[in-house]
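Listed here are the chains, written in short residue letters.
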Amino acid sequence: MPASQPAITPALAAEDCVYITTVGRVTGKPHTVEIWFGTNGDTIYLLAGSRHDADFVKNAKKQPAVDVRISSTQFSGTARIVTAVDEDALARRLLLEKYIPRGNTDLDDWGRDALPVAFDLRA
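These figures come from a predicted structure and were not determined experimentally. (Residues numbered from 1 in each chain as written. Predicted model: local features only at pLDDT ≥ 70, side-chain atom pairs only at ≥ 80, totals over all residues. Heavy atoms only, no water.)

Looking at the side chain of Glu 87
What counts, and what does not: What counts as a helix is a DSSP run of H or I of at least four residues, what counts as a strand is a run of E of at least two, and both are numbered from the N terminus. Any two residues whose heavy atoms approach within 4.5 Å at even a single point are treated as in contact.
Residue position: Glu 87 is located in helix α3 (residues 85-99). Beyond its immediate sequence surroundings of up to four residues, Glu 87 is in contact with Tyr 45, Arg 80, Val 82 and Ala 118.

Here it is, written out as structure tokens:
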């Protein structure tokens, strides 16, 4: 059986922002955020500057099933807080390498202190 194609193409990975829709932990209504992202395989990484206080983080912790949109491409996924040291470093590196060359040079504190969150996409 041939290997499946990655869901996230290089063109999608190069987009500026991803749209993450979580289920509101109080209202039960969809809550969408536009946010910077990095990718590795079929995993999307975000850095939450407000850490565990970010609404999308609180929502995802209560209900990890999420919808993800990059450009006009939709995915379903499962959110998780990154806890492994190597994956934490990977998430930070991916985002800093993507956004610093785009003129966003004052990202040291964010790149060091933000909470890495992963979204594992399903086929």
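Continuing now.
Observations concerning the packing of aromatic side chains
Put simply, the rule is: Note on ring pairs: Phe, Tyr and Trp rings are taken, using the six-membered ring of Trp, and paired if centres are within 6.5 Å. Classes follow the plane angle, with under 30 degrees stacked, over 60 edge-to-face and the rest tilted. Type-normalised accessible area, obtained with a 1.4 Å probe on protein chains alone, sets the label of each residue: buried when under 20%, exposed when over 50%, and partly exposed for intermediate values. Charge over a ring is defined by NZ of Lys or CZ of Arg lying within 6 Å of the ring centre and within 35 degrees of the ring normal.
Counted according to the given criterion, the structure contains two aromatic pairs. Here Trp 36 and Tyr 99 contribute two aromatic rings whose centre-to-centre distance is 4.3 Å and whose plane-to-plane angle is 10°, an arrangement assigned as stacked. Of this pair, Trp 36 sits in the loop between β2 (30-35) and β3 (38-40) while Tyr 99 sits in helix α3, placing them 63 residues apart in sequence. Residues Trp 36 and Trp 110 carry aromatic rings whose centres are separated by 5.6 Å and whose planes lie at 80° to one another, so their mutual orientation is edge-to-face. Of this pair, Trp 36 sits in the loop between β2 and β3 while Trp 110 sits in helix α4 (residues 108-113), and the two are 74 residues apart along the sequence. On the basis of relative accessible area, Trp 36 is assigned to the partly exposed category, the value being 28%. Within the aromatic cluster, the residues linked to one another by ring pairs are Trp 36, Tyr 99 and Trp 110. We note Arg 69 situated over the ring of Tyr 19; from NZ or CZ to the ring centre the distance is 4.1 Å. For Lys 98, the ring lying beneath its charged end belongs to Phe 37, and the centroid distance is 3.5 Å.

Here's the deal with unusual backbone geometry
Phi at Arg 51 is positive, roughly 55°, even though this residue is not glycine. Inspection of the secondary structure assignment puts Arg 51 in the loop between β4 (43-48) and α2 (55-62). Phi at Ser 71 is positive, roughly 55°, even though this residue is not glycine. Looking at the secondary structure, you find Ser 71 in the loop between β5 (65-70) and β6 (73-81).

A look at α3
Heads up, the condition is: Expected span of a helix, by definition, is 1.5 Å for each gap between consecutive residues, and there is one gap fewer than residues.
Spanning 15 residues, α3 covers 22 Å between terminal C-alpha atoms, matching the ideal 21 Å at 1.5 Å per step. Within α3 the residues assigned to the buried category are Glu 87, Asp 88, Leu 90, Ala 91, Arg 92, Leu 94, Leu 95, Lys 98 and Tyr 99. Buried residues along α3 sit in contact with α1 (10-13), β3, β4, β6, α4 and β7 (115-122).

Observations concerning the sheet that holds β7
To be explicit about the condition: Only strands joined by at least two bridges in the DSSP assignment are considered to pair. Lines fitted to the C-alpha atoms define the axes, with helices restricted to the stretch that makes contact. Angles between their N-to-C directions range from 0 to 180 degrees.
Ordered in space as β2-β1-β5-β6-β7-β4-β3, the seven strands form an open sheet in which the pairing is antiparallel. Each of the sheet's edge strands pairs with one partner strand only, and the pair in question is β2 and β3. Neighbour-to-neighbour, the strand axes of this sheet turn through a mean angle of 35°, independent of strand direction. The pairing of β5 with β6 spans six bridges and is antiparallel. Residue pairing across strands places Val 66 opposite Gly 77, the latter belonging to β6. Running at roughly 80° to β4, α3 makes contact with β3, β4, β6 and β7 of the sheet.

All quantities given are derived from atomic positions and should not be read as evidence of function.
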